[in-house]
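Each chain is listed here by its residues.
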Amino acid sequence: MGVRAVLVGAEWTQVLPIDWILLAYLGVVSVVTHSLGFDSARTQWVLTINALIGVLIALAARPGLGPLGLGLREVFPLLLLPALYGELDLLHGIGRTLVHDLTVQRWEQWLFGFQPSRDWWRSAPSTFWSTLLHGAYFAFYPIIAAPVAWFLIRGNQRAMQRAVLWIMVTFIVCYLVFMAFPVSGPYYEFDRPSGAFIANPMARLVYATLAQGSSYGAAFPSSHVAAAVAATLAAYAGSRRLGLLLTIPTLLLAVGVVYCQMHYAIDALTGAALGFVIPLVLGAKAEAAPQ
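In what follows, the accompanying structure is described.

Reading guide: rules and limits
Residues numbered from 1 in each chain as written. Predicted model: local features only at pLDDT ≥ 70, side-chain atom pairs only at ≥ 80, totals over all residues. Heavy atoms only, no water. Core = buried A, V, L, I, M, F, W, Y, C linked by side-chain atoms within 4.5 Å. Buried < 20%, exposed > 50% of the residue type's maximum accessible area, 1.4 Å probe, protein only. Helix = DSSP H or I, 4+ residues; strand = E, 2+ residues; numbered from the N terminus. Expected span 1.5 Å × (residues − 1). Polar contact = N/O pair within 3.5 Å; in protein donor to acceptor, adjacent residues only side chain to side chain. Patch = residues over 30% accessible without salt bridge, like charges linked within 9 Å, V, L, I, M, F, W, Y side chains within 5 Å. Areas by Shrake-Rupley, 256 points an atom, 1.4 Å probe, with all protein chains shown as cover. Salt bridge = Lys/Arg side-chain N within 4 Å of Asp/Glu carboxyl O. Axes fitted to C-alpha atoms, helices over the stretch in contact; angles between N-to-C directions. Parallel < 35°, antiparallel > 145°, perpendicular 65-115°, else oblique. Contact = heavy atoms within 4.5 Å. Nonpolar A, V, L, I, M, F, W, Y, C, P; charged D, E, K, R; others polar.

Looking now at the nonpolar core. Membership of the largest hydrophobic core comes to 73 residues, with the highest contact counts inside it found for Tyr25, Leu84, Leu88, Tyr175 and Met262. The element contributing the most residues to this core is helix H10 (residues 157–180), with 15 residues. Val104, Val183, Ala219 and Tyr264 belong to the second-largest nonpolar core, a separate cluster that totals eight residues.

The next subject is helix H8 (residues 127–138). Across its 12 residues, H8 extends 17 Å between first and last C-alpha, which sits within 8% of the 16 Å expected from 1.5 Å per residue. Buried within H8 we find Ser130, Leu133, His134, Gly135, Ala136 and Tyr137. Among the residues of H8, the N-terminal cap falls to Ser126, whose side-chain oxygen and the backbone nitrogen of Phe128 are separated by 3.4 Å.

Before going further, it helps to spend a moment on unusual backbone geometry. Between Phe220 and the following residue, Pro221, the backbone shows a cis peptide bond with an omega angle of -5°. Note on placement: Pro221 falls in the loop between helix H12 (201–213) and helix H13 (223–238). With phi around 65°, Gln261 is a residue other than glycine that occupies positive phi space. Structurally, the position occupied by Gln261 is in the loop between helix H14 (240–259) and helix H15 (265–288).

Here the focus is a nonpolar patch on the surface. Taken together, the side chains of Trp110, Leu111, Phe112, Phe114 and Leu269 present a nonpolar region at the surface, about 570 Å² in accessible area. You can see Trp110 is positioned in helix H6 (residues 101–112). We classify Trp110 as exposed; its relative accessible area is 74%.

Let us now look at the packing of H13 against H14. One can describe the packing of H13 onto H14 by two numbers: an axis separation of 7 Å at closest approach and a directional angle of 170°. Between H13 and H14, the angle is such that the two are roughly antiparallel. Residues His224, Val225, Ala228, Val229, Ala231, Thr232, Ala235, Tyr236 and Gly238 of H13 form the contact with H14, whose own contacting residues are Arg240, Leu242, Gly243, Leu244, Leu246, Thr247, Thr250, Leu253, Ala254 and Val257. Here the residues of the contact of H13 with H14 are counted per class, giving 12 nonpolar, six polar and one charged.

Here the focus is the packing of H8 against helix H9 (residues 140–154). Helix-helix packing is characterised by the crossing angle of the two axes and by the distance between the axes. Following both chains from N to C, one finds H8 and H9 inclined at 45°, their axes separated by 4 Å at the closest point. Considering their axes alone, H8 and H9 lie oblique with respect to each other. Only Phe140, Tyr141 and Pro142 of H9 make contact with H8, whose side of the interface consists of Ala136, Tyr137 and Phe138.

On to the pattern of salt bridges. A complete count under the given rule lists one salt bridge for this structure. Between Asp119 and Arg118 there is a salt bridge; the shortest N-O distance is 2.7 Å. Judged by its relative accessible area of 22%, Asp119 falls in the partly exposed class.

Following this line, the structure appears as structure tokens:
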């Protein structure tokens, strides 16, 4: 068993469900790009990215990929995420789009009576919790990678495909909401944390990462929380031990995005709900599908 068992698994050349979902998403993005009347440069960039991704999907389904190609074939949708995420900045005019933060802030005020993302860390600043929760925010990347890598190593092709599908569909649903209802988030709307609260290595690492690759208008729902929850559930579905191991960093991430003023509390709650419901729906459909 192991990696080799996955690489020589049956029917590797078929188009997988996630491929069709990605193609449908690219079609929606392309239609939105035209309908919003973007300038020619932005339109050309978006359509070029979509065309290249479409070509990659077609190439991934062809026979004769070889051992390395077969390994990448299953996980390559996750490798497309930087491009799909970066497209959102083009769609939102790199910060020039109309955002709906005031609406979300009104929801926060009605639900909580205050602005958790703005007021929580100010009322209870803690170097310890800042370090831990900023670290949990950065742990998003290993949380997403863990189930896919683990099932690849273990030779569990079905669990690996399920993890990629659940994670990618969760991201895609979040991205569709970002396009329809862009929200910049408290990181942009409120005065940012400063002083001793961010004078720790984890906080500096997070802010350096955000400076390099944060797409404007992509706050509601929190795709970080949504995808982390989906990844944890995918891990649990294939390995109870791995799922339990990822539960704690996922919970810390959900708390940390609010305490560290990266997301509104409603962003985190909605993201958690999506991360739970989407795998539930996909799992139910898989169980109902004829074998």
